[in-house]
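Next come the chains, spelled out residue by residue.
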Amino acid sequence: MKERSANADCARFIAALIIMAYHIFHTGVGEDLLHEAWIYVEFFLLITGYYTAKHYSKTDVVNHSKDAFQYTLKKFIPLFPYALIVTVFGWITQGGAGIILYGWTWNNFIINLMGDFIFDVLLISDSFGEPLIGPLWYVSAMLIVFPFFCLLVQIKNRYTKVLICTICPLMYYGWIGVTAPRAFPHDMLRVLAGMMLGVLLYELSVIFEEHIRTAPKMVITVIELLTFAYPIYGVFIKFVERGFTTTRVYLLCFFVCLLFCLPGFSYTAKIKGKFFNYLGRLSMPIYIFHWYIGTLANLFGSKYGWERNRRIIIYISVTICFSIFIMFIIEHLPKWNEFLKRDIKLID
């Protein structure tokens with residue numbers, strides 16, 4: 001079994017909760033609980049880029065394009081059941097609401113389902129629009145660019161990767177800003193830029209490892225915790241409403257925090273335990289399912305007149321419980337887990 005970093009898993013779980021809290025407006029409460037918390041998608045992108053770079057640093061590849069394709073399948077196939085479940089539920093719910101609330105016929109239901117449903121299932125709808133389940137844009141955009149990204153990461157010269165993964169994100173963020181534009185093709189470009197920063201993160205952790213380890217570990221730990229806490233503080237007190245645009249600072253904080261967290265330079269590396277690893281695994285189901293649960297809270301809340309606090313409590317509690325339940329079922333499907341353990345063999 002692949003060794004997991006408990007400190008990184010804790011960070012993933014907290015980031016997923018923050019994104020869930022950011023989307024609380026989807027329940028129909030009429031306000032944003034947080035501002036600029038969408039930036040935590042970049043937190044996940046940095047982690048993905050880091051571990052992809054780490055993987056290829058320890059892998060000898062003969063057919064680079066084939067391996068990029070294989071590794072993409074290996075990375076995304078485990079997510080497919082979660083995406084399939086929420087997509088099917090989402091489209092059926094949309095059609096059911098159309099029939100019950102808006103007078104749709106069954107023909108309308110079928111015609112609607114024959115639209116972009118199949119592209120949502122295949123996780124490619126972000127190539128031309130947005131999936132019905134909003135957060136799946138992240139999975140779709142990453143799936144589309146990930147094979148190309150894997151080719152980039154397979155460059156052998158470390159300093160070539162450092163140059164590319166420094167210049168390209170700086171040019172992209174300089175051009176667009178760290179503002180999460182959603183118009184095509186920025187989803188894909190945003191994902192690439194974030195994962196490139198993750199590659200840079202890994203390479204710098206290797207290049208400067210000896211220097212970093214000579215610094216006092218307590219100082220490194222304090223810096224890591226401060227750079228982790230500051231963006232949380234900022235999105236909760238809504239810096240943007242006070243006239244501050246701080247997303248660049250948040251991104252820098254993520255970079256510094258993960259530079260010390262992921263390689264295990266700080267005392268947080270001493271965090272151990274299967275419970276923390278479990279929270280890390282749970283973070284993706286929470287990310288994938290929370291939007292759909294918010295949709296249900298909005299539908300039922302509007303129909304039965306639920307007040308704000310009730311919607312929020314149901315949204316958070318049902319998302320977490322549903323995510324735990326579905327993850328438990330998927331992780332305990334013997335044939336599925338046997339399938340995931342097999343090597344993906346492709347003909348040259």
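My aim in this report is to walk through the structure given alongside it, one point at a time. The model shown is predicted, which means the values in this text are computed figures rather than measured ones.

Among the secondary structure elements, Ser266 is positioned in the loop between helix 12 (247-261) and helix 13 (274-304). One polar contact links Ser266 to Glu224, side chain to side chain, over a distance of 2.3 Å. Here Thr268 takes part through its side chain, which lies 2.8 Å from a polar atom of the side chain of Ser266. The residues contacting Ser266, other than those within four sequence positions of it, are Lys217, Ile220, Thr221, Glu224 and Phe260.

Next up on the list: the layout of surface pockets. There is about 290 Å³ of room inside the second largest pocket. What lines the second largest pocket is a set of 17 residues, and nearest its centre among them are Tyr22, His23, Trp137, Arg182 and Trp291. Secondary-structure elements contributing two or more residues to the lining of the second largest pocket are helix 1 (6-22) and helix 13. The class makeup of the residues in the lining of the second largest pocket is 12 nonpolar, two polar and three charged.

As a further point, take the pattern of salt bridges. In the structure shown here, the tally under the stated rule is seven salt bridges. Taking the shortest distance from any N to any O, the salt bridge between Arg12 and Asp9 comes out at 2.7 Å. Residue Arg12 and its partner Asp9 are located together in helix 1, separated by three residues, close to a single helical turn. One exposure class covers both Arg12 and Asp9, and it is buried.

With that out of the way, let us pick up helix 14 (residues 308-331). The end-to-end C-alpha distance of helix 14 is 34 Å, a good match for the 34 Å that 24 residues give at a rise of 1.5 Å each. Those residues of helix 14 that fall on the buried side of the exposure criterion are Arg311, Ile312, Tyr315, Thr319, Phe322, Ser323, Ile326, Met327 and Ile330. Buried residues along helix 14 sit in contact with helix 1, helix 4 (80-102), helix 13 and helix 15 (334-341).

Parameters at a glance
Residues numbered from 1 in each chain as written. Predicted model: local features only at pLDDT ≥ 70, side-chain atom pairs only at ≥ 80, totals over all residues. Heavy atoms only, no water. Helix = DSSP H or I, 4+ residues; strand = E, 2+ residues; numbered from the N terminus. Polar contact = N/O pair within 3.5 Å; in protein donor to acceptor, adjacent residues only side chain to side chain. Contact = heavy atoms within 4.5 Å. 1 Å grid on protein atoms, 1.4 Å probe; cavity = no way out; pocket = protein on both sides within 12 Å on 5 of 7 lines; lining within 4 Å. Points joined across faces, edges and corners; volume = space filled by probe spheres on them. Nonpolar A, V, L, I, M, F, W, Y, C, P; charged D, E, K, R; others polar. Salt bridge = Lys/Arg side-chain N within 4 Å of Asp/Glu carboxyl O. Buried < 20%, exposed > 50% of the residue type's maximum accessible area, 1.4 Å probe, protein only. Expected span 1.5 Å × (residues − 1).

The analysis is restricted to geometry; functional conclusions fall outside its scope.
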